[in-house]
Amino acid sequence: MEQADAENGAFLNKTPTRPDGTTVFQTSLNAGKLCVGTGTLALPFAAEKGGLALNVLGLGLIGLWNYYSANCLLRCVEYLPDIDAVDVKGAVRGSFSMTDLQLEDLSGYGTMDSNSGTNKEPTKHRFSIIGSMPFSQIGSRPPPPNGTTTYGSVAWYASGPKGLMATEFLIILLFFGILISYEVAMQGFINDTPLTTGSRRVDLLIPSAIVALLSCAPDIGFLSKFSGLGLLAVGLSFIVISWQGFEDNGFSGFRNTLELNLWPESVSAASSWFGVVVFGYGVVPFVFNIRDSMANPQQVGLALQIGLVLVYVGYIMMSNGIRVLFSPSHVFDGDVLQAMPNNWISLIVRLLMTFAVSLSAPLIVVPCAELIEGKLAIDKTQKSFHKRIVVRVGICIICTVFSMFLGSGFVHI
């Protein structure tokens, strides 16, 4: 098997298995919950603007785009040297993650096999892979700073120190932006219910406490059971929404499906559709965290496939299904809550979505905290547990404070 991989020029990732890691199904739930959030409430609006046909095709293509991007990142890791590398001349450089490493002489005098240890010409060797790209640039670069995440390591070997700094800054900025938008969304859900106290601080007290508590998890693999609960909450929300649609229109919307637009009626409508659905898939920034949390990291591709397919099927039901169901009585020009009567049904949907968001946010906090903890040289030992708690609770507090200042204008459909 190893010989066949070497002949194809393949690198095999040597990420060790974890007995306490997540299964494929649990990982697919995490991947699905990273995609499914408050944006689902805007999916009927996307179907309204983009048309039923474009929505079906576009959601599938964007899902494939997301999977392809995640797969490209995973393939990048296969080319990274390990920290404990050993150079040709014996200097500590790092052993490479591959099944059959060949050292090839630049002048063509001969080769050295890493398995046999024989060497015809000990001078002027470079790393290379049979039938693959030259490895000399990666092999000559020093290892990244201690505490660098996998994402950062890819940036380090691809673009150097500046690439590492830019990548980590942008990822942290992305994570904080998502978390703040989640906090703002929870404020909006609670503020429009009879349960609001009139104070943003008090309204966010319970959901923010849930987020902070779950964010103390060791990694996102631990959160898989809560991801299942979050997906269930979103599913129940749309069951309640569907019930209201049947209450208002029965099956009349489905009998008139052919009268609805299949394609966008203008460039502006197509842009509105894309602006909603493009944020419906979000596993790429978290793909390494997902992989590292698995019991068998080599099955991360299968887990992503299952998760994204389930998300796609759910999105079609939430977008086209709800749009058709409400078509006789409502034209969507915003989120689906606008079609709900101001009664207990709307209250249930808002509370379920608040609960779902509070279970989604820790999936963002944990990867963000791991990146920051690495920069602060905080390891994952029990001794550093209290330091990790401070970082994660601190992230939650910062995002909550920012959401109070930014208000509902920060998130708008």
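Residues numbered from 1 in each chain as written. Predicted model: local features only at pLDDT ≥ 70, side-chain atom pairs only at ≥ 80, totals over all residues. Heavy atoms only, no water.

Caption draft 1: Representation of the overall build of the protein within the structure. Check the secondary structure of the protein and you find 15 helices and five strands. Sorting the 413 residues of the protein into buried and exposed places 49% on the buried side. As displayed, the protein has an accessible area near 20,200 Å², and 64% of this comes from carbon and sulfur atoms. (Helix = DSSP H or I, 4+ residues; strand = E, 2+ residues; numbered from the N terminus. Buried < 20%, exposed > 50% of the residue type's maximum accessible area, 1.4 Å probe, protein only. Areas by Shrake-Rupley, 256 points an atom, 1.4 Å probe, with all protein chains shown as cover.)

Caption draft 2: The side chain of Thr-148, seen in detail. Within the fold, Thr-148 resides in the loop between helix H5 (136-140) and helix H6 (150-191). We classify Thr-148 as buried; its relative accessible area is 16%. A polar contact of 2.6 Å, which involves the side chain of Thr-148, links it to the backbone oxygen of Pro-145. Once residues within four sequence positions are removed from consideration, Thr-148 is found in contact with Ser-153, Leu-164, Glu-168 and Lys-375. (Polar contact = N/O pair within 3.5 Å; in protein donor to acceptor, adjacent residues only side chain to side chain. Contact = heavy atoms within 4.5 Å.)

Caption draft 3: Summary view of the nonpolar core. Within the largest apolar cluster, 92 residues are counted, with the highest numbers of intra-cluster contacts made by Ile-290, Leu-304, Tyr-315 and Ile-395. For Ile-395, the residues in contact, after removing those within four places along its chain, are Phe-176, Leu-179, Val-365, Cys-368, Ala-369 and Ile-372. (Core = buried A, V, L, I, M, F, W, Y, C linked by side-chain atoms within 4.5 Å.)

Caption draft 4: Main features of unusual backbone geometry. Look at Ala-377: it is not a glycine, yet its phi comes out positive at around 60 degrees. Counting through the fold element by element, Ala-377 comes out in the loop between helix H14 (344-375) and helix H15 (385-406).

Caption draft 5: Seen up close, a nonpolar patch on the surface. Where nonpolar side chains cluster on the molecular surface, the patch consists of Leu-229, Leu-232, Leu-236, Ile-239 and Phe-355 and spans about 450 Å² of accessible area. It is helix H9 (residues 224-249) that contributes the most residues to the nonpolar patch, four residues altogether. Mapping Leu-232 onto the fold places it in helix H9. (Patch = residues over 30% accessible without salt bridge, like charges linked within 9 Å, V, L, I, M, F, W, Y side chains within 5 Å. Salt bridge = Lys/Arg side-chain N within 4 Å of Asp/Glu carboxyl O.)

Caption draft 6: Quick look at empty space enclosed by the protein. Applying the stated criterion across every chain, the model contains one cavity of 30 Å³ or more. Estimates place the volume of the largest cavity at around 30 Å³. What lines the largest cavity is Leu-179, Glu-183, Val-211, Ala-361, Val-365, Ile-395, Cys-396 and Cys-399. Listing elements by their share of the lining of the largest cavity, those giving two or more residues are H6, H14 and H15. Top element by residues in the lining of the largest cavity is H15. It accounts for three residues. When grouped by side-chain class, the residues that make up the lining of the largest cavity number seven nonpolar, no polar and one charged. (1 Å grid on protein atoms, 1.4 Å probe; cavity = no way out; pocket = protein on both sides within 12 Å on 5 of 7 lines; lining within 4 Å. Points joined across faces, edges and corners; volume = space filled by probe spheres on them. Nonpolar A, V, L, I, M, F, W, Y, C, P; charged D, E, K, R; others polar.)

Caption draft 7: Structural detail: the packing of aromatic side chains. Applying the stated criterion to the full structure yields nine aromatic pairs. Both rings, one in Phe-222 and one in Phe-226, keep their centres 6.4 Å apart while their planes meet at 40 degrees; by these two values the pair is tilted. Here a set of aromatic residues connected by ring pairs shows up, and it is made of Phe-246, Phe-251 and Phe-254. The side chain of Lys-225 reaches across the aromatic face of Phe-222, ending 4.8 Å from its centre. (Phe/Tyr/Trp six-rings, centres within 6.5 Å; stacked < 30°, edge-to-face > 60°. Lys NZ or Arg CZ within 6 Å of the ring centre and 35° of its normal.)

Caption draft 8: Representation of the pattern of salt bridges in the model. Throughout the structure, instances matching the rule amount to six salt bridges. Across the salt bridge formed by Arg-323 and Glu-48, the nearest N and O atoms sit 3.2 Å from each other. You can see Arg-323 sitting in helix H13 (residues 300-326) and its partner Glu-48 sitting in helix H3 (residues 43-50), a full 275 residues away along the chain. Assessed through its relative accessible area of 3%, Arg-323 is described here as buried.

Caption draft 9: The environment of Gly-51, seen in detail. Its place among the elements puts Gly-51 in the loop between H3 and helix H4 (52-77). Sequence separation between Gly-51 and Asn-320 is 269 residues; the distance between their C-alpha atoms is 8.6 Å. Setting aside anything within four residues of it in sequence, one finds Gly-51 in contact with Ala-46, Asn-261, Leu-262, Trp-263 and Pro-264.

Caption draft 10: Local environment of the environment of Val-287. Examined against the element boundaries, Val-287 turns out to sit in helix H12 (residues 287-292). Counting along the chain gives 214 residues from Val-287 to Leu-73, while the straight-line C-alpha distance between them is 8.0 Å. Those residues in contact with Val-287, other than ones at most four positions away along the chain, are Ala-70, Leu-73, Leu-74 and Leu-304.

Caption draft 11: Structural detail: H14. The end-to-end C-alpha separation of H14 is 47 Å, in line with the 46 Å expected for 32 residues at 1.5 Å each. H14 sits mainly inside the fold: 25 of its 32 residues count as buried. Where H14 begins, one side-chain oxygen reaches toward the backbone nitrogen of Ile-345, 3.0 Å away; that side chain belongs to Asn-343. One or two steps after H14, the chain reaches Ala-377, where phi turns positive at roughly 60 degrees. (Expected span 1.5 Å × (residues − 1).)

Caption draft 12: Spotlight on the packing of H4 against helix H11 (residues 267-277). It is at 11 Å that the axes of H4 and H11 come closest, and there the two elements cross at 40 degrees. Looking at the two axes, H4 sits oblique to H11. Our pair here, H4 against H11, has a crossing hand that is right-handed. Residue-level contacts link Leu-54, Asn-55, Gly-58, Leu-59, Ile-62 and Trp-65 of H4 to Trp-273, Phe-274 and Val-277 of H11. (Axes fitted to C-alpha atoms, helices over the stretch in contact; angles between N-to-C directions. Parallel < 35°, antiparallel > 145°, perpendicular 65-115°, else oblique. Left-handed = near helix turned anticlockwise from the far one by under 90°.)

Caption draft 13: Quick peek at the environment of Asn-71. Within the secondary structure layout, Asn-71 lies in helix H4. The sequence separation of Asn-71 and Val-284 amounts to 213 residues, and the corresponding C-alpha distance is 8.8 Å.

Caption draft 14: Highlighting the packing of helix H2 (residues 24-35) against H9. For the pair H2 and H9, the least separation of the axes is 8 Å and the interaxial angle reads 50 degrees. Between H2 and H9, the interaxial angle falls into the category oblique. Viewed along their axes, H2 and H9 form a crossing whose handedness is left-handed. When H2 is examined against H9, the residues Gln-26, Leu-29, Asn-30, Gly-32 and Lys-33 are found in contact with a partner set consisting of Ser-224, Ser-227, Gly-228, Gly-230 and Leu-231. Among the residues making up the contact of H2 with H9, the classes are represented as two nonpolar, seven polar and one charged.

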